[in-house]
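Working through the structure, step by step
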Amino acid sequence: MARAKKAEAPTLDRDEWEYLTYAPGHKCSACSRTVKPLDPVRRGAVDRTSGAPAVVYRHNECPTTQTVAA
């Protein structure tokens, strides 16, 4: 009988965004604009020296961040 391989626990990187959500009323950490009710944003956390990590939101497609096609 073949043994099953043990699956490793996923490693989480603090710099990765957690998930896509909606957060009306919060500020985008990149462009500092207020998030509108139907704007999709990415949720993440930033380490702070004075306590628990702070939750930050960034537009999924931030108006100030433009990608240049290669």
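What you see is a predicted model, and the numbers here were worked out from it, not measured in a lab.

Per the secondary structure count, the protein chain includes 0 helices and 3 strands. Counting only residues that meet the buried cut, the protein chain has 17% of its 70 residues in that class. The contacts in the protein chain between residues at least 6 apart in sequence include a share of 37% that link residues at least 24 apart. Here the protein chain displays about 6,300 Å² of accessible surface, and carbon together with sulfur accounts for 52% of that area.

A word on the side chain of Arg 43. Along the chain, Arg 43 turns up in strand E2 (residues 40-48). Beyond its immediate chain neighbours, meaning those up to four positions away, Arg 43 contacts Trp 17, Glu 18, Tyr 19, Thr 21, Val 55, Val 56 and Tyr 57.

Classification of Arg 43 as buried rests on a relative accessible area of 19%. Along the primary structure Arg 43 and Thr 21 are separated by 22 residues, whereas in three dimensions their C-alpha atoms are 6.9 Å apart.

The next point concerns the confidence of the model for the protein chain. Counting all residues, the mean pLDDT for the protein chain is 76, and 66% of those residues have values of 70 or more. Segment residues 9-14 is flagged for pLDDT under 50; beyond a separation of four residues in sequence, or across chains, it makes 3 contacts in the model.

Attention now goes to the sheet that holds E2. With antiparallel pairing, the 3 strands of this open sheet are ordered in space as E1-E2-E3. A single partner strand is all that each edge strand has here, and the edge strands are strand E1 (19-22) and strand E3 (51-59). Taking each pair of neighbouring strands and ignoring which way they run, the sheet shows an average axis angle of 45°. As judged from the 4 bridges shared by E1 and E2, these two strands associate in the antiparallel manner. In the strand pairing of E2, Tyr 22 is matched with Pro 40.

Analysis parameters
Residues numbered from 1 in each chain as written. Predicted model: local features only at pLDDT ≥ 70, side-chain atom pairs only at ≥ 80, totals over all residues. Heavy atoms only, no water. Helix = DSSP H or I, 4+ residues; strand = E, 2+ residues; numbered from the N terminus. Buried < 20%, exposed > 50% of the residue type's maximum accessible area, 1.4 Å probe, protein only. Contact = heavy atoms within 4.5 Å. Areas by Shrake-Rupley, 256 points an atom, 1.4 Å probe, with all protein chains shown as cover. pLDDT = per-residue confidence, 0-100. Pairing = 2+ DSSP bridges. Axes fitted to C-alpha atoms, helices over the stretch in contact; angles between N-to-C directions.

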